[in-house]
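Structural features, examined
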Amino acid sequence: GSNDRGDLFYAMKRVNGNPWSEVMGTLSREENLDILLRVADAVAFAHSRDVIHMDLKPQNVMLGQFGEVYVMDWGLAAAVHKPGKAQLITDTDVVGGTPAYMAPEVALGKLKEIGFASDIYLMGAILFKIVTGITPHTGKDGSACLERAADNDIQDPGCEDDFLPVAYKAMEAK
């Protein structure tokens, strides 16, 4: 908008709540899966408008005091152009994200391969976290974690779960 003098401004909704990452461990599996489904609804809406988030993770989901689920931090979002590949909204050739959850094409900086599937990978990575308690990629430092993401080297969860095949399917290298 603009004020009476013509100065431009923007306004954002103030979101009160807690990051999902801070309460995930205290919630039941069913509650966490319900939140993930609601995140999926928001992502589906964004995809229907040809936008990908590119940094989905529990830290970027806020839970409101009345059960609201908000997908936050759209700073890395990208516009998707046919046939479903990303064009960054900013004037940069650099992509970003969180290596612990990152899709291989993002970790490798393969801009022409980043698309809707990159967000689906992130959703699978969050599901992996819900059912195992760990992130898909790890390393002794950020660089090692990024390398594991680039190689799609998913850590062994050390457990079996009916949802793991779903998470692995979402995290297949494209």
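As a further point, take the packing of helix α2 (residues 29-48) against helix α4 (residues 116-132). Here α2 crosses α4 at 175°, and the two axes come no closer than 10 Å. On the basis of the axis angle, α2 is roughly antiparallel to α4. Across the interface between the two elements, R29, N32, L33, L36, V39, A40, V43 and H47 from α2 touch F116, D119, M123, I126, L127, I130 and V131 from α4. By residue class, the composition of the contact of α2 with α4 is eleven nonpolar, two polar and two charged.

Here we come to unusual backbone geometry. A positive phi angle, close to 60°, is found at D50, a residue other than glycine. Counting through the fold element by element, D50 comes out in the loop between α2 and β2 (51-52). Unusually for a residue other than glycine, D73 sits at a positive phi of about 55°. When you line up the elements, D73 lands in the loop between β4 (69-71) and β5 (78-81). With a relative accessible area of 42%, D73 lands in the partly exposed category.

The rules behind the values
- Residues numbered from 1 in each chain as written.
- Predicted model: local features only at pLDDT ≥ 70, side-chain atom pairs only at ≥ 80, totals over all residues.
- Heavy atoms only, no water.
- Axes fitted to C-alpha atoms, helices over the stretch in contact; angles between N-to-C directions.
- Helix = DSSP H or I, 4+ residues; strand = E, 2+ residues; numbered from the N terminus.
- Parallel < 35°, antiparallel > 145°, perpendicular 65-115°, else oblique.
- Contact = heavy atoms within 4.5 Å.
- Nonpolar A, V, L, I, M, F, W, Y, C, P; charged D, E, K, R; others polar.
- Buried < 20%, exposed > 50% of the residue type's maximum accessible area, 1.4 Å probe, protein only.

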